[in-house]
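Residue-level listing of the chains:
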Amino acid sequence: MTQARTMFYGKGDVYVFRTYANPLKGLKQIPESNFTEKHNTIFGMNAKVALKGEQFLTSFTEGDNSLVVATDSMKNFIQRHAASYEGSTLEGFLTYVCERFLDKYSHLDAVRLEAQEYAFDDIQVGTSEGIKTSDLVFRKSRNEYATATVEVARTASGTEVVDLSSGIADIQLIKVSGSSFYGYIIDEYTTLAEATDRPLYIFLNIGWKYESEQDAFGENAANYVAAEQVRDIAATVFHTLDNKSIQHLIYHIGLRILDRFPQLTEVNFGTNNRTWDTVVEGTEGFKGAVFTEPRPPFGFQGFSVHQEDLAREKASANSEYVSQV
Ligand SMILES: O=c1[nH]c(=O)c2[nH]c(=O)[nH]c2[nH]1
């Protein structure tokens, strides 16, 4: 059996800070979030590009560099195209750069670009009219950030987006009361005590896919899903749901995201359990308790939720799903 060969090369940690990119305005307002626009005064990212092409074979097998685009040049290519990008989304920018690579170098078969947003948050400053949000000074975010992956391939008639996914990474949320974990298998391996109310601390990466890639480009902002809106849905569902586990929680976050954004086909999760260790239990007379950082090892979950799940829940008379905040 002949096996498909792996062959690509590229550049990672390509930092791009484009100032005064076009703002993204007119996002759909959802009940879980007051995020409706992104000013993009700083459109920042850490990008990674990989070029694919059958014609690169001799660069590996014979050291023939005649068709090699130096990875150093790839870095320049991405950064310079940030100046000419007229759109306002990470997905749109990555697609634009993939297409320009394929235009420029006719021996490429496909280009894959991934990026993590390098976010800067607004900050309030004193002005002669009182405390206002500065349009000049921003502070580096140490919080979650948007992510995107795009692959564009050459076809007989032009190019085609063959992979596009969006996401938000490194959300870290703690719910101090209203989470439980009990009813699991109790046997000779069990040492964990059942909990009817535990402080649930979770790390989440959430990804989503659009039915139509066009919606990820932001030209019709009403169909774009901002990472900030997904973050706010996650926090809202966490706040509301009497969750029985992280598994249970993420299913409901997924359903709510798909309900708010029918233009998505799928929402997926990579989560991590960082539940605090208890040091001093709460008692009748002492509402508070004392906790500390958990020790490794840490539990994790992987799960995807699809529009069929939402349709099934909505059709079911005894569904636990709620669509209101
Ligand atoms: O939300 C949880 N899901 C589990 O599967 C699990 N297992 C465990 O020990 N703690 C937890 N918490």
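These numbers were taken from a predicted model, which means no experiment stands behind them.

A. Here's a closer look at the overall build of the protein. On a plain count of helices and strands, the protein comes out with six helices and 14 strands. Expressed along its principal axes, the backbone C-alpha trace of the protein runs to roughly 75 × 70 × 40 Å. Counting only residues that meet the buried cut, the protein has 42% of its 325 residues in that class. If you sum the accessible surface of the protein, you get close to 18,000 Å²; carbon and sulfur atoms cover 49% of it. Charged side chains in the protein number 30 positive and 44 negative. The centres of these two groups are separated by 4 Å.

B. Layout of the site of the ligand. Around the ligand, the surrounding shell consists of Phe181, Leu192, Arg198, Ser245, Ile246, Gln247, Asn273 and Gln301. Contacts to the ligand include isoleucine 246, whose backbone N or O atom sits 2.8 Å from an oxygen atom. Within the contact set of the ligand, a nitrogen atom lies 3.3 Å away from a side-chain nitrogen or oxygen of asparagine 273. Looking at side-chain class alone, the shell around the ligand contains three nonpolar, four polar and one charged residues.

C. Geometry of the packing of aromatic side chains. This model, assessed by the stated rule, comprises 18 aromatic pairs. Measuring from centroid to centroid gives 6.5 Å for phenylalanine 101 and tyrosine 105, while their planes differ by 35 degrees, and the two rings are tilted. When its relative accessible area of 0% is taken as the criterion, phenylalanine 101 is described as buried. Within the aromatic cluster, the residues linked to one another by ring pairs are Tyr15, Phe17, Tyr118 and Phe120. In this structure, arginine 274 packs its charged tip against the face of phenylalanine 298, placed 3.7 Å from the ring centre.

D. Just the domain arrangement of the protein, in detail. What the domain assignment reports for the protein is domain 1 (9-165) and domain 2 (167-315). Spacing between the C-alpha centres of domain 1 and domain 2 amounts to 28 Å. Contact residues are listed per partner, giving 26 residues for domain 1 and 27 residues for domain 2. Both faces combined, the contact of domain 1 with domain 2 buries some 2,300 Å², and carbon together with sulfur accounts for 56% of it. Looking only at domain 1, the three residues that lose the most surface to domain 2 are Lys28, Glu32 and Glu144, adding up to 28% of its buried area. For the interface between domain 1 and domain 2, the tally reads five salt bridges. The partner of arginine 231 in a salt bridge is glutamate 144, and the shortest N-O contact between them spans 3.6 Å.

E. Inspection of the environment of isoleucine 30 at higher detail. As for its position among the elements, isoleucine 30 is in the loop between β2 (24-25) and β3 (37-38). Along the chain, isoleucine 30 and aspartate 121 lie 91 residues apart, while their C-alpha atoms are 21 Å from each other. Excluding residues that lie within four positions of it along the chain, isoleucine 30 makes contacts with Gln229, Ile233, Arg260 and Phe261.

F. The environment of phenylalanine 217, seen in detail. Turning to its location among the elements, phenylalanine 217 is positioned in the loop between β10 (200-210) and α4 (227-240). Take phenylalanine 217: its relative accessible area is 12%, and that puts it in the buried class. For the pair phenylalanine 217 and arginine 295, spaced 78 residues apart in sequence, the C-alpha separation works out to 42 Å. Those residues within four positions of phenylalanine 217 in sequence are excluded, and the remaining contacts are Tyr85, Thr89, Glu91, Gly92, Thr95 and Leu164.

G. Region of the structure containing the nonpolar core. Of all hydrophobic cores here, the largest spans 76 residues; its most connected members are Leu51, Phe93, Phe101, Ile206 and Trp208. Mapping this core onto the domain boundaries places at least three of its residues in each of domain 1 (9-165) and domain 2 (167-315). Beyond its immediate sequence surroundings of up to four residues, isoleucine 206 is in contact with Ser166, Gly167, Ile168, Ile171, Val230, Ala234, Ile257, Val267, Asn268 and Phe269.

H. Main features of the side chain of glutamate 91. Topologically, glutamate 91 is positioned in helix α3 (residues 90-104). The buried charged residue glutamate 91 lacks any salt bridge, with lysine 38 as its nearest oppositely charged partner at 9.4 Å. Those residues within four positions of glutamate 91 in sequence are excluded, and the remaining contacts are Ala148, Val150, Leu164, Ser166, Ala216, Phe217 and Tyr224.

I. Examining the pairing of strand β6 (residues 120-127) more closely. Relative to strand β7 (residues 130-140), β6 is paired through seven bridges, and the arrangement is antiparallel. Bridging across to β7, glycine 126 finds its partner in isoleucine 131.

Definitions and cut-offs
Residues numbered from 1 in each chain as written. Predicted model: local features only at pLDDT ≥ 70, side-chain atom pairs only at ≥ 80, totals over all residues. Heavy atoms only, no water. Helix = DSSP H or I, 4+ residues; strand = E, 2+ residues; numbered from the N terminus. Buried < 20%, exposed > 50% of the residue type's maximum accessible area, 1.4 Å probe, protein only. Areas by Shrake-Rupley, 256 points an atom, 1.4 Å probe, with all protein chains shown as cover. Lys, Arg positive; Asp, Glu negative; His and termini not counted. Charge placed at Lys NZ, Arg CZ, Asp CG, Glu CD. Near = heavy atom within 4 Å. Polar contact = N/O pair within 3.5 Å; in protein donor to acceptor, adjacent residues only side chain to side chain. Nonpolar A, V, L, I, M, F, W, Y, C, P; charged D, E, K, R; others polar. Phe/Tyr/Trp six-rings, centres within 6.5 Å; stacked < 30°, edge-to-face > 60°. Lys NZ or Arg CZ within 6 Å of the ring centre and 35° of its normal. Domains from an automatic or database assignment. Contact = heavy atoms within 4.5 Å. Buried area = accessible area lost by both parts, 1.4 Å probe. Salt bridge = Lys/Arg side-chain N within 4 Å of Asp/Glu carboxyl O. Core = buried A, V, L, I, M, F, W, Y, C linked by side-chain atoms within 4.5 Å. Pairing = 2+ DSSP bridges.

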